[in-house]
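Here are the chains, one letter per residue:
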Amino acid sequence: MAEIGTELTRFILEEERKYPSATGSLSLALNTIASACKVIASHVRMAGLVDILGKAGKVNVQGEEVQKLDELSNEILIDYLSDCGEFFGLASEELNEPIFPEKGKNGKYVISFDPLDGSSNIDVNVSIGTIFSIHKKVNGTQEDFLQEGYKQIAAGYVIYGSSTMLVYTTGNGVNGFTLDPSVGMFLLSHPNIKLPEKGKIYSINEANEKKWDKEGLKDFINTLKDEGYTSRYIGSMVADVHRTLIKGGIFGYPSDKKNKNGKLRLLYEASPMAFLIEQAGGLSTNGKESILNIKPQDIHQRTPVFLGSQKEIKQLLEHIC
Ligand code: P6P
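About the cut-offs
- Residues numbered from 1 in each chain as written.
- Predicted model: local features only at pLDDT ≥ 70, side-chain atom pairs only at ≥ 80, totals over all residues.
- Heavy atoms only, no water.
- Near = heavy atom within 4 Å.
- Polar contact = N/O pair within 3.5 Å; in protein donor to acceptor, adjacent residues only side chain to side chain.
- Areas by Shrake-Rupley, 256 points an atom, 1.4 Å probe, with all protein chains shown as cover.
- Nonpolar A, V, L, I, M, F, W, Y, C, P; charged D, E, K, R; others polar.
- Pairing = 2+ DSSP bridges.
- Helix = DSSP H or I, 4+ residues; strand = E, 2+ residues; numbered from the N terminus.
- Axes fitted to C-alpha atoms, helices over the stretch in contact; angles between N-to-C directions.
- Contact = heavy atoms within 4.5 Å.
- Domains from an automatic or database assignment.
- Buried area = accessible area lost by both parts, 1.4 Å probe.

## Overview of the site of the ligand
Here is step 1: Residues in close proximity to the ligand include Asp117, Gly118, Asn205, Tyr233, Gly235, Ser236, Met237, Tyr253, Lys263 and Leu264, which together make up its full environment.
Here is step 2: At 2.5 Å from an oxygen atom of the ligand is found a side-chain nitrogen or oxygen belonging to Asp117.
Here is step 3: Between an oxygen atom of the ligand and a side-chain N or O atom of Tyr253, the distance comes to 2.7 Å.
Here is step 4: Calculation on the ligand without its partners gives an accessible area of 400 Å², and the protein chains cover 79% of this total.
Here is step 5: For the shell around the ligand, the per-class residue count stands at four nonpolar, four polar and two charged.

## Regarding the sheet that holds strand E1 (residues 87-92)
Here is step 1: In spatial order, the strands read E1-E2-E3-E4-E5-E6-E7; together these seven strands make up an open sheet with mixed pairing. Sheet topology places E1 and strand E7 (185-190) at the edges, where each strand pairs with a single neighbour. Taken pair by pair, the neighbouring strands of this sheet meet at an average axis angle of 20 degrees, ignoring direction.
Here is step 2: In this fold helix H1 (residues 8-17) packs onto strand E5 (164-169), strand E6 (174-180) and E7, with an angle of close to 5 degrees to the strand it touches most, E5.
Here is step 3: Set on the sheet, helix H3 (residues 69-84) makes contact with E1, strand E2 (109-117) and strand E3 (128-136); between it and E2 the angle comes to about 160 degrees.

## As for the domain arrangement of the protein chain
Here is step 1: The domain architecture assigned to the protein chain consists of domain 1 (8-190) and domain 2 (201-320).
Here is step 2: Domain 1 and domain 2 are separated by 23 Å when their C-alpha centres are compared.
Here is step 3: Facing the 43 residues of domain 1 at the interface are 28 residues of domain 2.
Here is step 4: Both faces combined, the contact of domain 1 with domain 2 buries some 2,700 Å², and carbon together with sulfur accounts for 67% of it.
Here is step 5: Three residues, Ile131, Leu146 and Tyr157, lead the burial of domain 1 against domain 2; their summed loss comes to 23% of the area buried on that side.
Here is step 6: Of all elements in the fold, only E1, E2, E3, strand E4 (154-160) and E5 reach the threshold of two or more residues within the side of domain 1 that touches domain 2.
Here is step 7: A total of six residues in the side of domain 1 that touches domain 2 trace back to one element, the largest contributor, which is E4.
Here is step 8: Its residues assigned to classes, the side of domain 1 that touches domain 2 comprises 20 nonpolar, 19 polar and four charged.

In C-alpha cells form, the structure reads like this:
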C-alpha cells in the first residue's frame, strides 16, 4: 500500500504500473481532472472575497463580469478535459447535450460530471464539490454515456471543504488525497478507505417526510432514532456522502409523491457515489436494486438514492421492500 503523503501523480503511476497493458490514458485523464479541480478550488476559496469585491454575476471592482461559480467550474473542466485528448465525450450537469471535443476524437473514455454540486451553499460557506464518472467509449455515440454504473472505469469527487480533498476509485478500493495549498499537490491522506459495517448517523431531508412515497421509510428512520442514531444533513451531496464514507451510517434522497424519481441525477451524482461507497465496502440502492445496476435511459435522469453501511442499507430494505 502506498505511504501516507504520497503525491497523487506518483500514486496514479504506481497504480498504472500494476497493469502491464496500461497505456497511460487513464493516468493522464485522472491527473487532468485533479489539475482542473485545483483551479476550481482556487476560485471557490475566493468566492467570499468576490462578494466583498463585487457581487457575483455582476461587474466587480476591476470592471470584469463575475461569473457564477458553477458556470465557471463547468468551463474550467470542459477546457481541461477537451484539451487532454483522452475523452471522446463530455456530459455535464450544466449542459443539455454532451460535447465531443475535436482533440478527443480518438479518446478511449467518456466522462459525466457535476462541475460544482451544491453550489447554492456557497453563500453560507458550506462544503461543495465536483463529482465525476468515467466509462469506456464503446460505439463512439451518445449511447456511450448510458452505461450501467458497474461498468465505470473510475469515479470520484473533489470536496471543497475545510480542506480540499480528492477521493476516487478505479475499481481497486478508494483513496483520499488532501491538497497541500503551499505546494499545490494532492497528498495521500486517506489510504484504502473502508466504510464501517455500521454507523451512528442518518442523513436525509426529513422536511420531505410527508411527501415520501416509500411505505416503511418513516418507520425505518424512527427505528434508527430508537437505536440512538443522530441526524446530520447539510444539503450538499458531496459533503453528506463524504461524511457517510468516512463515518458510516446512511445517506438518502428518496423519491416522493412530487418527484417520482427523486432529485439526484443518476449519471453524475448517484452512480459515481455508489461506485465509491460499494468499493469502500458499503451498499447502494434505489429502493429495489444496486444503483450500479440501473441502465440509464437519459443523461440527466434522476433516481432515488440510498448509500451507506451494510447494516443500515440492509435494514432499510427490510422496511421498504
Ligand atoms: P434538498 C444540492 O442542491 C443538491 O443537488 C445535492 O447536493 C443535495 O444532496 C440536494 O440537492 C439537497 O436537496 O431538497 O434537501 O435541499
